[in-house]
Amino acid sequence: MTAEIRLDLGDVTLRGTVTGAGPTVLLLHAGGERRAVWVPVAAVLARRGFRSVAFDLRGHGDSSGRATTLRALAGDVAGMIGSQPAPIVLVGASVGGLAAIAALADPAVAARASGLVLVDVVPDIEPARARSWLDFHGLGGRYTRLVEDVLGSGPALLATAGALDLPILVVHAGHDSPLRDVDVDRLRTVNPRVAVAGVPAAGHLVARDAPEALADLVSAWLCGIRHGTVSTPGVAGQDL
């Protein structure tokens with residue numbers, strides 16, 4: 001069961017898709033993608049008793065506006081969270097994950113969240129490595145303003161993530177990723193509630209490369225939250 005929805009946020013109109021019924025999971029895609037990338041993930045979550053909501057980010061897909069600053073994306077994510085029944089688990093890929101962290105800097109927004117999944121992203125990836133990865137994949141010139149704004153926000157994002165009092169799962173791609181173990185370790189150092197799991201078959205765009213594996217990880221972790229068994233850090237590479 002799916003339904004199309006619309007969210008008007010003043011300067012932008014976001015288009016989204018709701019799938020399934022149950023506790024709400026907000027799915028935030030990576031830059032250059034659109035909400036359709038989550039369709040197979042949403043289908044698995046629905047079969048396992050979760051309701052997912054996936055919006056096209058501003059400047060992507062069927063949504064209006066331009067994606068030029070992290071602050072604008074974070075404001076949109078806050079609006080998405082406010083439009084849905086709490087508590088909400090956020091699943092954000094790449095810039096979608098960073099926008100989720102930025103939105104959660106607002107205590108009123110964070111109070112509506114019960115968990116955060118970061119798909120192959122952490123708050124403060126090394127800027128030169130990130131630029132090199134983007135240039136190699138021909139993405140460096142598409143979102144120049146947004147990329148530089150995001151890369152300049154690393155310390156603030158890390159501080160926000162470190163202060164979050166909710167379970168966090170980092171899903172680490174197995175190859176073709178700008179993320180390194182040292183980046184994940186920094187996040188685990190500042191927040192003991194961070195767990196890590198790997199998807200060896202996937203590159204950076206995990207939802208595109210291995211949607212079923214990602215859905216399995218996320219749904220198992222969500223069930224752990226639901227039953228109160230997710231409270232301590234996981235082991236890197238271990239499915240939760």
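Everything that follows concerns the structure shown earlier in this document.
The structure reproduced in this document is the subject of the present report. (Residues numbered from 1 in each chain as written. Predicted model: local features only at pLDDT ≥ 70, side-chain atom pairs only at ≥ 80, totals over all residues. Heavy atoms only, no water.)

The next subject is the nonpolar core. Judged by nonpolar contacts, the single largest core of 52 residues is most densely connected at Leu26, Leu90 and Leu116. Listed in part, the 32 residues of the second largest apolar core include Val25, Trp38, Val171 and Ala195. (Core = buried A, V, L, I, M, F, W, Y, C linked by side-chain atoms within 4.5 Å. Buried < 20%, exposed > 50% of the residue type's maximum accessible area, 1.4 Å probe, protein only.)

So, on to unusual backbone geometry. Residue Ala86 is joined to Pro87 through a cis peptide bond whose omega torsion reads 0 degrees. Not every positive phi belongs to a glycine, and Ser94 is a case in point at roughly 50 degrees. Summarising the element assignment, Ser94 is placed in the loop between strand E5 (88-93) and helix H3 (95-103). For Ser94, a relative accessible area of 19% corresponds to the buried category. (Helix = DSSP H or I, 4+ residues; strand = E, 2+ residues; numbered from the N terminus.)

Considering the arrangement of structural elements, one finds Gln84 in the loop between helix H2 (70-83) and E5. The residues touching Gln84, leaving out its near neighbours within four places in the chain, are Ile5, Thr24, Arg51, Val53, Phe55 and Arg112. (Contact = heavy atoms within 4.5 Å.)

Another point: the pairing of E5. E5 sits mainly inside the fold: 6 of its 6 residues count as buried. In E5, alternate side chains face the same way, and those of Ile88, Leu90 and Gly92 on one face and Val89, Val91 and Ala93 on the other are all buried. Here strand E3 (residues 24-28) pairs with E5 via 5 bridges, running parallel. Residue pairing for E5: Val25 is matched across the bridge by Val89. (Pairing = 2+ DSSP bridges.)

As a further point, take the sheet that holds strand E8 (residues 194-199). Strand order in the open sheet made by the 8 strands is E1-E2-E4-E3-E5-E6-E7-E8, with mixed pairing throughout. The open sheet is flanked by strand E1 (2-8) and E8, the only strands paired with a single partner. If you compare each strand with its neighbour and ignore which way they point, the axes differ by 20 degrees on average. Sheet analysis places strand E6 (residues 113-119) next to strand E7 (residues 168-173), joined by 4 bridges and oriented parallel. Paired with Val117 across the two strands is Leu169, which belongs to E7. Across the face of the sheet, helix H1 (residues 39-47) comes into contact with strand E2 (13-19), E3 and strand E4 (51-55) while running at roughly 170 degrees to E3. On the sheet, H2 packs against E1, E2, E3, E4 and E5 and is oriented at approximately 160 degrees with respect to E3. (Axes fitted to C-alpha atoms, helices over the stretch in contact; angles between N-to-C directions.)

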